[in-house]
Amino acid sequence: MTENNDQTILPYSTDNLLVNFTKSRFGLYLLVAVVIHVIFIAITSISYINDRWIDPEGSARRKAELEAAQSNQMAAAAAVPPVNIVSGSNMSSNVSTAAVGTGSVADAAGSNANAPANRTNTAIMRQITDTAKPSEIPKEPDNLGISIKDTNPQ
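A. Structural view of the pattern of salt bridges. Within the structure shown, the criterion is met by three salt bridges. A salt bridge links Asp55 to Arg62; its shortest N-O distance comes to 4.0 Å. Take Arg62: its relative accessible area is 34%, and that puts it in the partly exposed class. When the shortest N-O distance is used, the salt bridge between Arg61 and Glu65 registers 3.9 Å. Of this pair, Arg61 and Glu65 both sit in helix α6 (residues 56-79), four residues apart, which is roughly one turn of that helix. What makes Arg61 partly exposed here is its relative accessible area of 48%.

B. Representation of the confidence of the model for the protein in the model. Model confidence for the protein is summarised by a mean pLDDT of 74, while 66% of its residues fall at 70 or above. Ranking the elements of the protein by mean pLDDT puts strand β1 (residues 99-100) last with 40 and helix α4 (residues 26-44) first with 94. Of the regions scoring below 50 in pLDDT, residues 87-109 engages in 24 contacts with residues more than four places distant in sequence or in other chains.

C. Region of the structure containing a nonpolar patch on the surface. Together, Tyr12, Leu17, Leu18, Phe21, Phe26, Leu30, Val34 and Val38 line one region of the surface with nonpolar side chains, adding up to about 810 Å² of accessible area. Tallying contributions element by element places α4 first for the nonpolar patch, with four residues. Summarising the element assignment, Leu17 is placed in helix α2 (residues 14-17).

D. Region of the structure containing the environment of Ser24. In this fold, Ser24 is placed in the loop between α3 (19-22) and α4. Of the residues examined, Ser24 reaches a relative accessible area of 37% and is grouped as partly exposed.

Conventions and cut-offs
- Residues numbered from 1 in each chain as written.
- Predicted model: local features only at pLDDT ≥ 70, side-chain atom pairs only at ≥ 80, totals over all residues.
- Heavy atoms only, no water.
- Salt bridge = Lys/Arg side-chain N within 4 Å of Asp/Glu carboxyl O.
- Buried < 20%, exposed > 50% of the residue type's maximum accessible area, 1.4 Å probe, protein only.
- Helix = DSSP H or I, 4+ residues; strand = E, 2+ residues; numbered from the N terminus.
- pLDDT = per-residue confidence, 0-100.
- Contact = heavy atoms within 4.5 Å.
- Patch = residues over 30% accessible without salt bridge, like charges linked within 9 Å, V, L, I, M, F, W, Y side chains within 5 Å.
- Areas by Shrake-Rupley, 256 points an atom, 1.4 Å probe, with all protein chains shown as cover.

If you want it as structure tokens, here you go:
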């Protein structure tokens, strides 16, 4: 009876089950993969380890400074008046006299009140903020003066 039992156990021995792993480089590759993962996790966790274990007081100080900076930015953003933007559906045929909301098109299109003082008199700023000449404004806003036949020479 023991001989029959030994024959059924023998194919399931640990040496027979692990023969694919012990006679190949799988163990080496597994060890290299584990080491690479441990190094990657350690590198990406430096700030967490620093904030939680090494310097929790510095972490609290940095967090308070960040919140103070964000509140200052929010206060500065609230102090700047919003600029009305003209959309195509709100434009009339005479752009210079059209009004949108409470601000005029000239205010929305190119007021340089929000620009830094050293940038208000540059060539680009003048091109952006100048109003269009009446000859530049199309009579029909949807008509660009070019047809599909002009763009496709075939």
